[in-house]
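Each chain is listed here by its residues.
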Amino acid sequence: MSLPSVTQLFISFPTLLRANGFAVAPDQTIGFIEAINLLGPNGIEDIRRAAVALLAIPRDRRGDFDALFDAHFLGATLPDAVQGDEVEAEAHEGTGETQEIPEDPTDEPGDDATAGERLSHRALVDRPEIALAALRRDGPSRLPRRRSRRYQAVRNGQVLDMRRALRNAARQDGEVLSLPTRARQSRQRRIVLLIDVSGSMKDQTEGALRIAHSLFRAAERLEVFTLGTRLTRVTPALRHANASRALERASALVADIDGGTRIGESLTAFLAVPRFAGFARGATVVVLSDGLERGSPASLVMAAERLNRLAWRLDWLSPLTPDGTPHTQAMQALLPHLTHLGDGTSTEAIVDHLLTMATAA
């Protein structure tokens, strides 16, 4: 049986990628076609984002991917660099002009060195590590807080502390020299972090787990779960002080890492366990996922609606939505049940959101 021409177009694209050095597995091809069928893209850019996510395109080869994508789907001319031809090195001067470097072995080193001085600064510290250090340092004071049922003694409170006043009077022969006051204590809200570990999130999985590990140093109460084809609680593993050991223990627990995506079913399983659902009650729930669901979008929307009713806020950070715009029909249906749909493209963006949730509420 011959396949429709549109389907053939999507099947032949991963073949083109493999011919140009991209590692695309057969199950990734199937997932790409299923995502196009289920999510109903609104335009060519939705297809591009789905391909980047589900075919696990490396960031350092995004330019080659875009050139192949435009050539395959839009009929653009394929650059020679992507076709595999050698490209001569280029030199860039401060004027913005480009000069080709001649390959002449007789040139003496230093003869054509530029005499102009160019001053610049480049940070030599890993940016994600800076963000994680800021999370550990600033998290205790900037993560969301709520009023506790317990009271504490304060100097200028609004509630009279009668017990302390009577104890002081008994020690002072019945004299009331001052009226002590009290106020309700505050404590951090529980944070529930749900991390998508499916194949489409392969490039972000390790970074997300490192964020969770650093968050343990700053949060008073934190629960971490992974979402894929199943739900896995990795909280005990990530409590280990050493980041490498913590990630090693977490990877041993997660059996569906880099596998399929059933976010709706995983969230439904989370809500079906009373203990897990209790974690979300009044908590800050943050989902790190691209939202490319292989299961029914209806189950995802129903689970998010219930989770939003339980939680204090439900935030969804996606690597496909740097501007907070829903990229699929499923995410558009999910949007009314989210407190915030934001940027999950990098460690810096996720940490910045975690540290500003309290003021954005």
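Just above sits the structure.
Everything in this summary refers to the structure shown in the same document. Model, not experiment: these values are computed from the prediction.

### Regarding the overall build of the protein chain
- A tally of regular secondary structure across the protein chain gives 15 helices and 11 strands.
- For the protein chain, the proportion of its 361 residues judged to be buried stands at 41%.
- Relative to all contacts within the protein chain whose residues are 6 or more apart in sequence, the contacts with residues 24 or more apart total 72%.
- Roughly 20,200 Å² of accessible area belongs to the protein chain as shown, and the carbon and sulfur atoms make up 49% of that amount.

### A closer look at the packing of helix 6 (residues 127–142) against helix 15 (residues 347–360)
- The contact between helix 6 and helix 15 brings their axes to 9 Å, and the two run at 10 degrees. Classified by the angle their axes make, helix 6 and helix 15 are roughly parallel. Only Thr347, Glu348, Val351, Leu354, Leu355, Thr356 and Ala358 of helix 15 make contact with helix 6, whose side of the interface consists of Arg127, Pro128, Ala131, Leu132, Ala134, Leu135, Asp138, Gly139 and Arg142.
- Of the residues contributing to the contact of helix 6 with helix 15, the split by class is nine nonpolar, three polar and four charged.

### Re the environment of Met357
- Positionally, Met357 belongs in helix 15.
- Among the residues examined, Met357 registers a relative accessible area of 0% and is labelled buried.
- Residues Met357 and Leu143, 214 residues apart in the sequence, show an inter-C-alpha distance of 7.0 Å.
- Residues within four places of Met357 in sequence aside, it is in contact with Pro144, Thr284, Val286, Trp312, Arg313 and Asp315.

### Topic: the sheet that holds strand 10 (residues 313–318)
- Pairing is mixed in the open sheet, where six strands are placed in the order 8-7-6-9-10-11. With one partner strand each, in any of the chains shown, strand 8 (231–233) and strand 11 (340–343) form the two edges of the open sheet. Strand-to-strand, the axes of this sheet are offset by a mean angle of 20 degrees, without reference to chain direction.
- In this sheet, strand 8 lies alongside strand 7 (residues 222–227) in antiparallel orientation, the contact comprising three bridges.

What counts, and at which threshold
Residues numbered from 1 in each chain as written. Predicted model: local features only at pLDDT ≥ 70, side-chain atom pairs only at ≥ 80, totals over all residues. Heavy atoms only, no water. Helix = DSSP H or I, 4+ residues; strand = E, 2+ residues; numbered from the N terminus. Buried < 20%, exposed > 50% of the residue type's maximum accessible area, 1.4 Å probe, protein only. Contact = heavy atoms within 4.5 Å. Areas by Shrake-Rupley, 256 points an atom, 1.4 Å probe, with all protein chains shown as cover. Axes fitted to C-alpha atoms, helices over the stretch in contact; angles between N-to-C directions. Parallel < 35°, antiparallel > 145°, perpendicular 65-115°, else oblique. Nonpolar A, V, L, I, M, F, W, Y, C, P; charged D, E, K, R; others polar. Pairing = 2+ DSSP bridges.

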